[in-house]
Amino acid sequence: MLSVSKSTKAIIEGNKIDVDNTLFYVIESYTEFKLEHMMGYDALIIDAQDNFFTRHILKKLRSSFNHEYYLKPIFLLNPRETNDPIVKGLNDGIIFSLDQVTELTNKVKQLFFNSTQISYNTPLTFEAQVVKKVFDYMFTRDIKSLTPMVDMNSSVGFSWPEISVNFEAHEDAQVLEILDYAEREGYVWPDFEERVYLCNNCYNGYLMYREVCPHCNSSHISSQDLVHHFPCAYVGPIADFKNTIDNTLSCPKCHKNLRHIGVDYDKPSVINHCNSCDKSFQDFYIKAKCLSCSNDVEVQYLISKNIYKYKLTKKGRAVAVSGMMNAAEVVEEIQGTIALDTYKIMLHYQIERMRNNKSLKSFIMIMNLENIFELYNKIGNKAYRKLLEDIVMLVRENITPSDYISIESQSTMHLCLNDVEPYHVDYMVRTITHKLKKTIADNFNNFELVMRIEQQQLQSSTSADKQIIALSKILFE
Ligand SMILES: [Zn+2]
Ligand SMILES: [Zn+2]
Ligand SMILES: [Zn+2]
């Protein structure tokens, strides 16, 4: 689909490289960097000799809320070996010499093309804004899941680079909250990966585990084996059996030498002694001291948290291209339409009627406005509802009052046309297609609407659900 001519040549001028009108900018290590200067370039190449600098630039771009920056194609030149999730996870490719720049143009064009598919309506809440930009990034890069990476810079020990880049190291609790939100909304599906334990005061995961005295909490403990001498039944700490001259053990009670463990003696357990309060005890406590807030807590009271790999659901994938608007909200506001659930019930009744009266004919139809999001993005959040209303009205004017319309999403509409003949349906499809394309072109600067309609006669032998799914398959696959 996208091709590059074989005779591509790179024209290099200072830090700018022009390959067939694809403009690259090379960011050299430790040179001054201004985000705004990157606006005019199609892609960036970071001289990645220094991980700290590379991380800094990647973070600056990917954490921006302006899609010009967070979706920018970024390549690394000669990167150093690193485990940094941001450096590793948020670049678009690696080159080892600027001679390879010509090989990057296809990728840059593909990323640009992908970014034109995205809806740039800004959601209202902060959580939704973060999720939206993360999903945009994933959509353009064809990333299907949010994978946790072990990360020293994260206070919980893991980060999900696409999300974590938007937060500072001490804000990891917020990263987890965003993931919870995305899961609650059904955008992602969790897959267990690991369990971590966090401070119950500050949610930090860097903890110092110690065995402490149950009486005074000191970790200044020494342990020694308990010895049980079988012949005389004496039990005592191993120190009582030792002498200062050699390694032989002899019983303090009966004065016999101990010979073979398991034969004449054994070590039934361990005895601990606190050097701080001088008490002896069998079981110590295990405490975890938080390296961030110094809170010292018994491990049973730590907060355990599952770390998941999150797979994008169908709903999640749709967020990038269609925004976060809930179709149900749209339907409530648009007159002359019914919710999809109601639509299915109506079809069910229609099928019942057809079973009793064989002469009845109904058609179901799905209409998809393939590139309508480009238009929604242009006209903005508020105007698009009005546009959708106008589209529904136009469709409504060209069908009969007894037909049903249901909106599945901002680009997909279901129709059921009742008591009609096939030739009449064909005529309706042609009329609606023609009028819709013309109205849109006339009102929006010759915008060329790409739309597809599939229809088929409603069968009385199969359920409405199955027929809708089958028709969707024809349209979308
Ligand atoms: Zn003994
Ligand atoms: Zn003690
Ligand atoms: Zn803490």
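Note that the structure is predicted; figures quoted are calculated from it, not measured. (Residues numbered from 1 in each chain as written. Chains lettered and ligands numbered in written order. Predicted model: local features only at pLDDT ≥ 70, side-chain atom pairs only at ≥ 80, totals over all residues. Heavy atoms only, no water.)

### As for the overall build of the protein chain
Just so we agree on the cut-off: In DSSP terms, a helix is any run of H or I states spanning at least four residues, a strand is any run of E spanning at least two, and both are numbered starting from the N terminus. Radius of gyration: over C-alpha atoms. The globule rule applied is 2.2 Å multiplied by the number of residues raised to the 0.38 power. Under the scheme applied here, a residue whose accessible area is under 20% of the maximum for its type counts as buried, over 50% as exposed, and between as partly exposed, the area being computed with a 1.4 Å probe on protein chains only. When checking whether two residues touch, look at their non-hydrogen atoms; a contact exists if any pair is within 4.5 Å. For the accessible areas, the method is Shrake-Rupley and the probe is 1.4 Å, while residue cover comes only from the protein chains on display. The positive count covers Lys and Arg only, the negative count covers Asp and Glu only, and His and the chain ends enter neither. Lysine's charge is taken at NZ, arginine's at CZ, aspartate's at CG and glutamate's at CD.
When you go through the protein chain residue by residue, the secondary structure sums to 13 helices and 23 strands. Radius of gyration (C-alpha) of the protein chain: 34 Å, far over the 23 Å computed for a compact globule of 477 residues. For the C-alpha atoms alone, the extent of the protein chain along its principal axes is close to 110 × 75 × 35 Å. Looking at the protein chain as a whole, 42% of its 477 residues are labelled buried. A separation of at least 24 residues holds for 65% of the contacts in the protein chain among residues at least 6 apart in sequence. Here the protein chain has roughly 25600 Å² of accessible surface; of this, 50% comes from carbon and sulfur atoms. The distance from the centre of the 51 positive side-chain charges to the centre of the 60 negative ones in the protein chain is 3 Å.

### A few points about the coordination of the zinc ion (ligand 2)
For clarity, the cut-off: Each metal's donors are the N, O and S atoms found within 2.8 Å of it, except that Na, K and Ca use a 3.2 Å limit; water is left out, so coordination can look incomplete.
With distances of 2.2 to 2.4 Å, the protein atoms coordinating the zinc ion (ligand 2) are Cys 213 (SG), Cys 216 (SG), Cys 274 (SG) and Cys 277 (SG). Taken in chain order, the donor set of the zinc ion (ligand 2) reads C-x2-C-x57-C-x2-C. In this pair, Cys 216 is assigned in the loop between strand E11 (207-212) and strand E12 (221-229) and Cys 277 in the loop between strand E15 (270-274) and strand E16 (280-281), connecting sequence segments 61 residues apart.

### Describing a nonpolar patch on the surface
Using the following cut-off: In this analysis, a patch consists of residues with relative accessible area above 30% that form no salt bridge, clustered at 9 Å for like charges and at 5 Å for the nonpolar side chains Val, Leu, Ile, Met, Phe, Trp and Tyr. Every case where a carboxyl oxygen of Asp or Glu lies within 4 Å of a side-chain nitrogen of Lys or Arg is listed as a salt bridge.
Taken together, the side chains of Tyr 197, Tyr 209, Ile 286 and Val 299 define a hydrophobic patch exposed on the protein surface, amounting to about 360 Å² of accessible area. Tracing the backbone shows Tyr 197 in strand E10 (residues 188-198).

### Here we look at the sheet that holds E11
To be explicit about the condition: Note on pairing: DSSP must find at least two bridges between two strands before they are called paired. Helix axes are fitted to C-alpha atoms over the stretch in contact, other axes to C-alpha atoms as well, and angles between N-to-C directions run from 0 to 180 degrees.
As summarised here, the arrangement of the 3 strands in space is E11-E17-E18, forming an open sheet in which the pairing is antiparallel. Two strands close off the open sheet at either side, each with one partner strand: E11 and strand E18 (296-298). Strand-to-strand, the axes of this sheet are offset by a mean angle of 30°, without reference to chain direction. Where strand E17 (residues 285-290) lies against E18, 3 bridges are found, and the strand directions are antiparallel. In the sheet register, Lys 287 faces E18, and the bridge partner there is Glu 298.

### Concerning the domain arrangement of the protein chain
Put simply, the rule is: Bear in mind that the domain bounds are from an automatic or database domain assignment.
Splitting the protein chain by domain gives domain 1 (10-192), domain 2 (214-283) and domain 3 (325-476). Between the C-alpha centres of domain 1 and domain 2 there is a distance of 61 Å.

### A closer look at unusual backbone geometry
Phi is positive for Asp 20, which is not a glycine, with a value near 50°. Tracing the chain through its elements places Asp 20 in the loop between strand E2 (16-19) and strand E3 (22-27). If you check the backbone angles, Asn 78 has positive phi at about 50° while not being a glycine. Inspection of the secondary structure assignment puts Asn 78 in the loop between strand E5 (74-77) and helix H3 (85-89). Given the relative accessible area of 32%, Asn 78 is considered partly exposed.

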